2 protein chains.
Amino acid sequence: MEDWNWPPAYDESYRPPPDQPYWFPRRETMPAAAREAKILERVQQVMAYAWERSPFYRRKWEEAGIHPSAVRSLEDYERVPVVTKAELRRSQADHGPFGDYLCIEDSEVFHIHGTSGTTGRPTAFGLAHADWRAIANAHARVMWSMGIRPADTVFIGSFFSLYMGSWGALIGAERLGARCFPFGAGVPGQTERAVTWMASMQPTCFYGTPSYGIHLAETAESLGLDPRSFGVRVLFLSGEPGASVPAIREKLEDLYRGQVFDCGSMAEVSPWMNLGESLGRVGPLLWQDVVYTEVCDPGTHARVPYGNEGTPVYTTLERISQPMIRLLSGDLTRWDAGPSPCGRTYPHLPKGIYGRLDDQFTVRGENILPSAIDEVVTGLHGYGGEHRILVSRLEAMDELTVQLEYAASVGDVAALRRRAEAELRRTLGVNTKVLMVAPGTLERTEFKARRVIDSREVLR
Amino acid sequence: MEDWNWPPAYDESYRPPPDQPYWFPRRETMPAAAREAKILERVQQVMAYAWERSPFYRRKWEEAGIHPSAVRSLEDYERVPVVTKAELRRSQADHGPFGDYLCIEDSEVFHIHGTSGTTGRPTAFGLAHADWRAIANAHARVMWSMGIRPADTVFIGSFFSLYMGSWGALIGAERLGARCFPFGAGVPGQTERAVTWMASMQPTCFYGTPSYGIHLAETAESLGLDPRSFGVRVLFLSGEPGASVPAIREKLEDLYRGQVFDCGSMAEVSPWMNLGESLGRVGPLLWQDVVYTEVCDPGTHARVPYGNEGTPVYTTLERISQPMIRLLSGDLTRWDAGPSPCGRTYPHLPKGIYGRLDDQFTVRGENILPSAIDEVVTGLHGYGGEHRILVSRLEAMDELTVQLEYAASVGDVAALRRRAEAELRRTLGVNTKVLMVAPGTLERTEFKARRVIDSREVLR
């Protein structure tokens, strides 16, 4: 396998010829079983490395009665206890700032990043220089599979701060040799300026969240510009399920007349593009030789068979600073075995990451995923580009209400409301009240959209 | 001279031992005349390079009747016509997006940046990979002279977008081998989060604008935290004159109990840290072997003698993409010959960049620099942290008014107002009306402060 080393060390001068579909042909197209044999070896190396250097992992595994040498198969590996985000936070609270799962010296930390910490204690990432380069190399490889080439211009329309999304896209694009346009996002007036710059620079690739991609296109239209005129061929999007939701994907592809690629797992496991869609377009591939991903039963944390739904559990195979060894995502997805039509022998997620175990809410006994509502409303002809999901309780009865913005072009708003209510009832199995709101009423986001407002807790 | 090549090519594995005061001892401490001889050779190379590749420069020099081969001394060089920002904008409007002063192929552009374009047409920067590395290497060297070392943690508290400030500080810190904490700035709530992260991460170095440094410290205090507890030893600041204004510098040094270093010229000439203060602390040094700076008479564009005031004219010695050859800054400064007590044989700017030819305004016949007002009010005991300068015209009479925020601790507000009026009249030579406003009334900025509001134009 090309450049397959532990600790990771990439040949930074390597770049495939532009007409070669694979960055690393052997690693990407080898039989899955042969790759898994290599992954098992690497998992053993990573566990031995963490056992030596991290009190956190040693404590955890001693408590579970598992020594790294006992892992002799990927089935054995399923018995290694999962790590939760709460455990990471606790470790950092007790052994700050990076927790006692930091496996390098404090002085070897090259970049500091972290979670945004909008809810609860933020988690700090201390990345080694080798990690940073491994991320750049892995992301360049995944972006190559989307058809991005050195001749492309990559516009990055997301905020540069703690969030690893923007940085990961940037260093991947740099490593790939593309022209990088790290525009950022987040300050007042930035979206209008982005429109001006996209019109003049004609970036062929766009990175951001699906919500922001839509917001940017709408802003362009409000300024009298057609986003199709920007010449964007590839939209690679992360941070939200949207890019794998057919209606949102179609909307974005129609707005820009470019192809949408879904990517992204969790900042903690960067290279987070380890879930990344290729030109095969069957949903994100699991780039198992970068981050070994098991889609697991949420109860037993053992892998579910291909074709089934579960929650991803991630193991970084290239991270030397804060290796994640069976990190429980809490996300929801379904996996298939592959190979993809692009020739890569990785499993894939046909519907992407479509929800979280904990953002699934229950209304009158029905489990409801916000992404299912997103899919229905964004697919409605006349949808105005934004909506909100309100869950409330009246007396003992749960109420599900969707605030729905209609497009300026809609004549019969009441008819659209009736259609929305019928579609939602059919898909969700519960009665849903739809409130129509005028175009442009609901706030747009430049980051991840937060559309669910559940007031039942406060009312209890 | 160490790593002195054209086109630039740095040994990326080089780093001096931490106890060595100079990154490149020979380049930094050689006799100024010997360095100037090397600079003359380089200027000739850069001119020949631009003559061959840039219609913009060839046209300009042909019109002036100057061929690169005619420049045989730095005195000859003073006759090369200056470039104005308006010319750059015009060239980009006619030969978009990078203008016909781009000396590389479009496909060789590695990073796209630009001016913020808050006023007028923005200017696009197309940087080659070699430029990016030259910036990183030059900035690492200047930051080294401030005493920043690989053991340091560098917190970057400025917005990452088109603006080259944040990026230049980041890649310099990366190249130096420090721990980089690219926190960014600009979105709501970001400053409060910055306080939390600084308290937990204890960054030893801070980069941002002087205004934002003060705003961040005030925010910390409002949250009950003493910014001195962050452990910041070095504040290297750019984007505004503040870091060389004694009262602002003292305020920042008192707030953080760290040392302030002034740096920065113009984004167009990146490595913009070419004006950068060292531990000698005599004001920014002119790192002449990075960007050759002539402080010139604003009328003739010939150098003024050391000790005199003039406007900096910049020539990039390492930029292969869009070389700036005698770019007129329009800034105001005074230069001295050096050497600095740190042993570097560069000239320096004892008061930094303290104004612009065009933001100097006239009130009743007196030329007034906003920075002179800044210096008076920020030096007042009881100053509340922000102010505004209002220039208006009543009948035929100019009125100068300063809105002044008082600190919460001030008892006798009227006495402070009288003191402010007396000090301003004494310094400026014109009567100034001071209006006291309550603490926290005036908006703080996360970027460059814009404090002058001249309403005379609209009233005419």
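All values derive from a computational prediction rather than experimental measurement.

Trainee: How do you make sense of the overall build of chain A when you look at a structure like this?
Mentor: Scanning chain A from terminus to terminus reveals 13 helices and 20 strands. For 460 residues, the compact-globule formula gives about 23 Å, and the C-alpha radius of gyration of chain A, at 22 Å, lands near that figure. With respect to the principal axes defined by its C-alpha atoms, chain A has extents near 65 × 55 × 40 Å. Taken over 460 residues, chain A has a buried fraction of 59%. A sequence separation of at least 24 residues applies to 67% of the contacts in chain A between residues at least 6 apart. Total accessible area on chain A is roughly 16900 Å²; 51% of this is exposed by carbon and sulfur atoms. In chain A, 50 positive and 58 negative side-chain charges are present, and the distance between their average locations comes to 1 Å.

Trainee: Help me out: how do you make sense of the relation of the copies chain A and chain B in this one?
Mentor: Two chain copies, one operation linking them: a rotation about an axis together with a shift along it. Expressed as a screw operation, the relation of chain A to chain B combines 0.0 Å of axial shift with a rotation of 180°, fitting to an RMSD of 0.0 Å. Here the two chains are linked by the operation of a two-fold rotation axis. When the interface residues of chain A are mapped onto chain B, 100% of them again lie at the interface, so the same face is used by both copies.

Trainee: Is there a simple way to think about the domain arrangement of chain A in this case?
Mentor: When the parts of a complex come together, some accessible area is lost, and that lost area is often taken as the interface size. All names here are of chain A. When the domains of chain A are assigned, the result is domain 1 (1-355) and domain 2 (361-459). Spacing between the C-alpha centres of domain 1 and domain 2 amounts to 30 Å. Contacts between domain 1 and domain 2 engage 21 residues on the former and 17 residues on the latter. Here domain 1 meets domain 2 over a buried area of about 1500 Å², counting both sides, of which 59% is carbon and sulfur. Between E218 and R444 there is a salt bridge; the shortest N-O distance is 3.2 Å. The interface formed by domain 1 and domain 2 holds two residue pairs in polar contact (both at pLDDT 80 or more) in total. Of all the elements in the fold, those that place two or more residues in the side of domain 1 that touches domain 2 are α9 (210-222), α10 (246-256) and β14 (353-356).

Trainee: Is there a simple way to explain the packing of helix α11 (residues 370-378) of chain B against helix α12 (residues 413-428) of chain B in this structure?
Mentor: The angle between the axes and the distance between the axes are what describe a pair of packed helices. Residue and element names in this part refer to chain B. Closest axis-to-axis distance for the α11/α12 pair is 10 Å, and the angle between their directions is 145°. Like other packed secondary-structure pairs, α11 and α12 cross with a definite hand, here right-handed. Note on element contacts: α12 touches α11 through E423, L424, T427 and L428, opposite A372, I373, V376 and V377. Counted by class, the contact of α11 with α12 contains six nonpolar, one polar and one charged residues.

Trainee: Can you help me understand helix α8 (residues 190-201) of chain A in this one?
Mentor: One full turn of an α-helix is made of 3.6 residues, so residues set three or four places apart face in the same direction. Residues and elements named next belong to chain A. Here α8 is twelve residues long and its end C-alpha atoms lie 16 Å apart, about the 16 Å a rise of 1.5 Å per residue gives. Buried residues of α8: Q190, T191, A194, V195, W197, M198 and M201, and no others. In the segment just after α8, Q202 is the residue with positive phi, at about 55°.

Trainee: Looking at this structure, how should I read the nonpolar core?
Mentor: One recurring pattern in soluble globular proteins: nonpolar side chains tend to sit buried together. Judged by nonpolar contacts, the single largest core of 232 residues is most densely connected at A:F236 and B:F236. Setting aside residues no more than four positions away along its own chain, A:F236 makes contact with A:M143, A:M146, A:I148, A:V154, A:A169, A:C205, A:F206, A:Y207, A:G208, A:F261, A:C263 and A:M273. Residues B:I368, B:L380, B:Y383 and B:V434 belong to the second largest nonpolar core, which totals 23 residues.

Trainee: Explain the pattern of salt bridges to me, please; I cannot follow it from the model alone.
Mentor: Oppositely charged side chains may form a pair once their charged atoms are brought near each other. Counted under the stated rule, the structure contains 52 salt bridges over all chains. The closest approach of N and O atoms between B:R133 and B:E12, which form a salt bridge, is 2.9 Å. Here B:R133 is found in helix α6 (residues 129-145), whereas its partner B:E12 is found in the segment before α1 (25-29), with 121 residues between them in sequence. Taking relative accessible area as the criterion, B:R133 reaches 23% and is therefore assigned partly exposed. One connected set of salt bridges, linked through shared partners, spans A:R27, A:E28, A:R141, A:D289, A:E318 and A:R344.

Trainee: Can you walk me through unusual backbone geometry in this structure?
Mentor: The general pattern is negative phi for most residues beyond glycine and trans for most peptide bonds. Each neighbour pair has its own omega, and for A:G96 with A:P97 the value is -5°, a cis peptide bond. For A:P97, the position within the fold is in the loop between α5 (85-94) and β1 (109-114). Following B:G338, the chain continues to B:P339 via a peptide bond in cis, the omega torsion being 0°. Within the secondary structure layout, B:P339 lies in the loop between β13 (331-334) and β14 (355-356). We note that A:R257 has phi near 55°; this positive angle belongs to a residue other than glycine. Looking at the element boundaries, A:R257 is found in the loop between α10 and β7 (259-262).

Trainee: Can you walk me through the environment of B:L327 in this structure?
Mentor: Residues and elements named next belong to chain B. Tracing the chain through its elements places L327 in strand β12 (residues 325-328). What makes L327 buried here is its relative accessible area of 0%. Between the C-alpha atoms of L327 and T84, which are 243 residues apart in sequence, the distance is 6.1 Å. Beyond its immediate sequence surroundings of up to four residues, L327 is in contact with V83, T84, K85, L88, M266, E268, V269, P312, V313 and Y314.

Trainee: Mind showing me how you'd approach α12(B) here?
Mentor: Residues and elements named next belong to chain B. With 16 residues, α12 extends 22 Å between its outermost C-alpha atoms, agreeing within 8% with the 22 Å of an ideal straight helix rising 1.5 Å per residue. Where α12 is concerned, the buried positions are L416, A420, E421, L424 and L428. On an axial view of α12, the arc spanned by its buried residues comes to 135°, and they lie on one face. In the core, the buried residues of α12 are packed alongside β16 (366-368), α11, β18 (397-406) and β19 (433-437). Two or three places before A414, at the start of α12, stands the capping residue D412, its side-chain oxygen 3.3 Å from that residue's backbone nitrogen. Looking one or two residues past α12, G429 carries a phi angle of roughly 85°, positive in sign.

Trainee: Looking at this structure, how should I read the packing of helix α6 (residues 129-145) of chain A against helix α7 (residues 164-176) of chain A?
Mentor: All names here are of chain A. Relative to each other, α6 and α7 sit at 75°, their axes nearing to 7 Å. If you check the angle between α6 and α7, you find them roughly perpendicular. Of the residues in α7, those in contact with W132, R133, I135, A136, N137, H139, A140, M143 and W144 of α6 are M164, W167, G168, A169, I171, G172, A173, R175 and L176. Looking at side-chain class alone, the contact of α6 with α7 contains twelve nonpolar, four polar and two charged residues.

Trainee: What is the right way to look at the environment of B:E277 in this model?
Mentor: Residue and element names in this part refer to chain B. With respect to the helices and strands, E277 occurs in the loop between β8 (275-276) and β9 (285-286). Residues E277 and V260, 17 residues apart in the sequence, show an inter-C-alpha distance of 9.1 Å. Beyond its immediate chain neighbours, meaning those up to four positions away, E277 contacts S145, M146, R249, V260, F261, D262, V282, G283, P284 and L285. Polar contacts involving the side chain of E277 include one to the main-chain amide nitrogen of G283, which spans 3.3 Å.

Trainee: For this particular structure, what's the right way to read the pairing of strand β5 (residues 205-208) of chain B?
Mentor: A regular strand places its side chains on the two faces of the sheet in alternate fashion. Residue and element names in this part refer to chain B. The alternating pattern of β5 places C205 and Y207 and F206 and G208 on opposite faces, both of which are buried. For strand β3 (residues 153-156) and β5, the ladder comprises three bridges, and the chain directions are parallel. From the neighbouring strand, V154 faces β5, where its bridge partner is C205. Pairing of β5 with strand β6 (residues 234-237), which is carried by four bridges, proceeds in the parallel orientation. When the sheet's bridge partners are listed, G208 is paired in β6 with L237. Read from β5 through helix α9 (residues 210-222) to β6, the crossover connection turns out right-handed.

Definitions and limits used
Once a new chain begins, its residue numbering starts again from 1 and follows that chain's sequence as written. As they are written, the chains are lettered A onward and the ligands numbered 1 onward, keeping that order. Local features are withheld for residues below a pLDDT of 70 in this predicted model, meaning they are given only at 70 or higher, and side-chain atom pairs are given and counted only at 80 or more; totals for whole chains, interfaces and linings count all residues. Think of the side-chain values as coming from all heavy atoms in the structure, minus any hydrogens and water. In DSSP terms, a helix is any run of H or I states spanning at least four residues, a strand is any run of E spanning at least two, and both are numbered starting from the N terminus. Radius of gyration here uses only the C-alpha atoms, and the compact-globule reference equals 2.2 Å multiplied by the residue count raised to the power 0.38. Under the scheme applied here, a residue whose accessible area is under 20% of the maximum for its type counts as buried, over 50% as exposed, and between as partly exposed, the area being computed with a 1.4 Å probe on protein chains only. Only heavy atoms enter the contact rule, under which two residues are in contact if any of them lie within 4.5 Å. For the accessible areas, the method is Shrake-Rupley and the probe is 1.4 Å, while residue cover comes only from the protein chains on display. For this count, His and the chain ends are skipped, Lys and Arg are scored as positive, and Asp and Glu as negative. To locate a charge, take NZ of a lysine, CZ of an arginine, CG of an aspartate or CD of a glutamate. Only residues with pLDDT of at least 70 in both copies count here: their C-alpha atoms drive the least-squares fit that superposes the copies. An automatic or database domain assignment provides the domain bounds reported here. Joining two parts hides part of their accessible area as seen by a 1.4 Å probe, and the buried area is that hidden amount summed over both. We count a salt bridge whenever a side-chain nitrogen from Lys or Arg sits within 4 Å of a carboxyl oxygen from Asp or Glu. What qualifies as a polar contact is a pair of N or O atoms within 3.5 Å, subject to a donor-acceptor requirement within protein and to the restriction that residues adjacent in sequence count only when both atoms come from side chains. Axis definition: a line fit to C-alpha positions, over the contact stretch in the case of helices; interaxial angles, taken between N-to-C directions, run 0 to 180 degrees. The sense of a crossing depends on the near helix, which, turned anticlockwise from the far helix by less than a right angle, makes the crossing left-handed and, turned clockwise, makes it right-handed. In this classification, the charged set is Asp, Glu, Lys and Arg, the nonpolar set is Ala, Val, Leu, Ile, Met, Phe, Trp, Tyr, Cys and Pro, and all remaining amino acids, among them Gly, are polar. For a helix, the expected span equals 1.5 Å multiplied by the number of residues minus one. The set of buried Ala, Val, Leu, Ile, Met, Phe, Trp, Tyr and Cys residues whose side-chain atoms join them within 4.5 Å is what this entry labels a nonpolar core. Arc definition: directions from the helix axis to the C-beta atoms. When an angle is under 35 degrees it counts as roughly parallel; over 145 it counts as roughly antiparallel; between 65 and 115 it counts as roughly perpendicular; any other value is oblique. Each pair of strands is called paired provided DSSP finds at least two bridges between the two strands. With the strands aimed away from the viewer, a crossover counts as right-handed if its path from the first strand over the helix to the second runs clockwise.

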